[in-house]
Amino acid sequence: AQSRRDDALGLEQTIETEMSVLLREVDQSPDIDALKSKVQTRLDAVTERLRDFRETEERRYAENERRAGELNEEVRQLKTRTAQLTELCAAQEKRLLIDSLTGVHSRYAYDRRHAEDHQRWQRTGQPLCYSIWDIDGFKRVNDRLGHEAGDRLLRAVAELLTRHKRESDFLARLGGEEFVLLLPSTSLDLGASLADRLRRVIEAATFQHKGQREQITISCGLTQAREGDTPDDVYDRADRALYAAKEQGRNRCVIA
């Protein structure tokens, strides 16, 4: 665009100069023949300048068309790459949200959901029940039957908790044999009743590995979000309740 402006300005200056000289020569010319010759010379100069300008414009147009084609191809490639990156990010996000071993939500997903539920509780005042679960004697199973059996046990417990929890509840694996279950809009009394029902489901199930039957139990610590709590405060209180459940003999739910 700048080069086009420069060329147009040069053409304008050429025409103005030639016209100015032509007018002066008309005034000074003594005869018609000499005037005709001078006029023709100036018109030839203007014609040549116009021809140069037109050729330059045509070259510029061709170059612009070529570059526009290149830019369109670059934009197409960028759009394709953007779509690929979007799909890659979505797939990566999905992988981050799901625990690869058990298929329940991951620690990453839990951190996000707990923060969201805590903020919702602060805004609405609706009760938020929080529970931590830990498989009893999990290390013994790992040591005696091997890590493959331990992994199968984790998947089985996760599947039972998922199947028997409410649809609105949020289950995630924090790590190892520890799970967390968030129960939004749930009072502590109702949460305790739901948690004990889940505990009994696990207790009633029988785990089998290579023909060996194992009865598995699980312990749970529950609490409810209280005024002034941070998400860490809620977790710490539930974790202490879980520890108390272990100290009191396991296979129980303790409220804090």
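Note that the coordinates shown come from a computational prediction; the quantities given were computed from them, not determined experimentally.

**Re the overall build of the protein chain**
Now for step 1: Of regular secondary structure, the protein chain possesses seven helices and seven strands.
Now for step 2: Counting from the amino terminus, the protein chain carries its helices and strands in the arrangement α-α-α-β-α-α-β-β-α-β-β-β-α-β.
Now for step 3: Here the C-alpha radius of gyration of the protein chain, 41 Å, is well above what a compact globule of 256 residues would show, namely 18 Å.
Now for step 4: Counting only C-alpha atoms, the protein chain reaches 130 × 50 × 25 Å along its principal axes.
Now for step 5: Split into buried and exposed, the 256 residues of the protein chain put 34% on the buried side.
Now for step 6: Taking all contacts inside the protein chain whose residues are at least 6 apart in sequence as the whole, residues at least 24 apart take part in 66%.
Now for step 7: Working note: accessible area of the protein chain is about 15500 Å², and carbon and sulfur atoms make up 50% of it.
Now for step 8: The centroid of the 43 positive side-chain charges in the protein chain is displaced by 8 Å from the centroid of its 47 negative side-chain charges.

**Overview of the sheet that holds strand β3 (residues 178–184)**
Now for step 1: As summarised here, the arrangement of the five strands in space is β2-β3-β1-β6-β7, forming an open sheet in which the pairing is mixed. Because the sheet does not close on itself, it has two edges, and the strands there are β2 (170–175) and β7 (253–255). The average undirected angle you get between the axes of adjacent strands in this sheet is 20°.
Now for step 2: The pairing of strand β1 (residues 128–135) with β3 spans seven bridges and is classified as antiparallel. By the bridge assignment for β3, Leu128 is matched with Pro184.

**A closer look at the nonpolar core**
Now for step 1: The biggest cluster of nonpolar side chains holds 29 residues, and the ones touching the most others in it are Trp133, Ile135, Leu153, Val157 and Phe179.
Now for step 2: Among the elements of the structure, β1, α4 (138–145), α5 (147–164), β3, α6 (188–204) and β6 (218–224) are those that each provide at least two residues to this core.
Now for step 3: With seven residues, the single largest contributor to this core is α5.

**Here's the deal with the environment of Leu154**
Now for step 1: Counting through the fold element by element, Leu154 comes out in helix α5.
Now for step 2: Accessibility expressed as a relative area gives 2% for Leu154, which makes it buried.
Now for step 3: Residues Leu154 and Phe138, 16 residues apart in the sequence, show an inter-C-alpha distance of 9.0 Å.
Now for step 4: When residues no more than four places from it in sequence are discounted, the contact partners of Leu154 are Leu101, Thr102, Ile135, Phe138, Arg173, Gly176, Glu177 and Phe179.

**With respect to unusual backbone geometry**
Now for step 1: The phi torsion at Arg250 lies on the positive side, around 70°, for a residue other than glycine.
Now for step 2: Of note, Arg250 is situated in the loop between α7 (231–247) and β7.
Now for step 3: Phi angles above zero are rare outside glycine, and Asn251 is one such case at about 55°.
Now for step 4: Relative to the helices and strands, Asn251 is located in the loop between α7 and β7.

**Structural notes on the pairing of β6**
Now for step 1: Of all seven residues that make up β6, six are buried, and the element is covered over most of its length.
Now for step 2: The pairing of β6 with β7 spans three bridges and is classified as parallel. Residue pairing for β7: Cys220 is matched across the bridge by Cys253.
Now for step 3: What joins β6 to β7 is α7, and the crossover it makes is left-handed.

**Some remarks on the confidence of the model for the protein chain**
Now for step 1: Of the residues in the protein chain, 98% reach a pLDDT of 70 or more, and the chain-wide mean stands at 88.
Now for step 2: Averaged pLDDT values for the elements of the protein chain fall to 75 in helix α1 (residues 2–28) and rise to 97 in β6.

**Description of the pattern of salt bridges**
Now for step 1: Tallied over the full model, the rule gives 22 salt bridges.
Now for step 2: Where Arg173 meets Asp99, a salt bridge forms, and the shortest distance between an N and an O atom there is 3.3 Å. Of the two residues, Arg173 is situated in strand β2 and Asp99 in the loop between α2 (32–97) and α3 (107–124); the sequence distance between them amounts to 74 residues. A single burial state applies to Arg173 and to Asp99, both of which are buried.
Now for step 3: For Arg163, the salt bridge identified is with Glu159, shortest N-O distance 2.5 Å. Of this pair, Arg163 and Glu159 both sit in helix α5, four residues apart, which is roughly one turn of that helix.

Analysis parameters
- Residues numbered from 1 in each chain as written.
- Predicted model: local features only at pLDDT ≥ 70, side-chain atom pairs only at ≥ 80, totals over all residues.
- Heavy atoms only, no water.
- Helix = DSSP H or I, 4+ residues; strand = E, 2+ residues; numbered from the N terminus.
- Rg over C-alpha atoms; globule rule 2.2 N^0.38 Å.
- Buried < 20%, exposed > 50% of the residue type's maximum accessible area, 1.4 Å probe, protein only.
- Contact = heavy atoms within 4.5 Å.
- Areas by Shrake-Rupley, 256 points an atom, 1.4 Å probe, with all protein chains shown as cover.
- Lys, Arg positive; Asp, Glu negative; His and termini not counted.
- Charge placed at Lys NZ, Arg CZ, Asp CG, Glu CD.
- Pairing = 2+ DSSP bridges.
- Axes fitted to C-alpha atoms, helices over the stretch in contact; angles between N-to-C directions.
- Core = buried A, V, L, I, M, F, W, Y, C linked by side-chain atoms within 4.5 Å.
- Right-handed = clockwise from strand over helix to strand, strands pointing away.
- pLDDT = per-residue confidence, 0-100.
- Salt bridge = Lys/Arg side-chain N within 4 Å of Asp/Glu carboxyl O.

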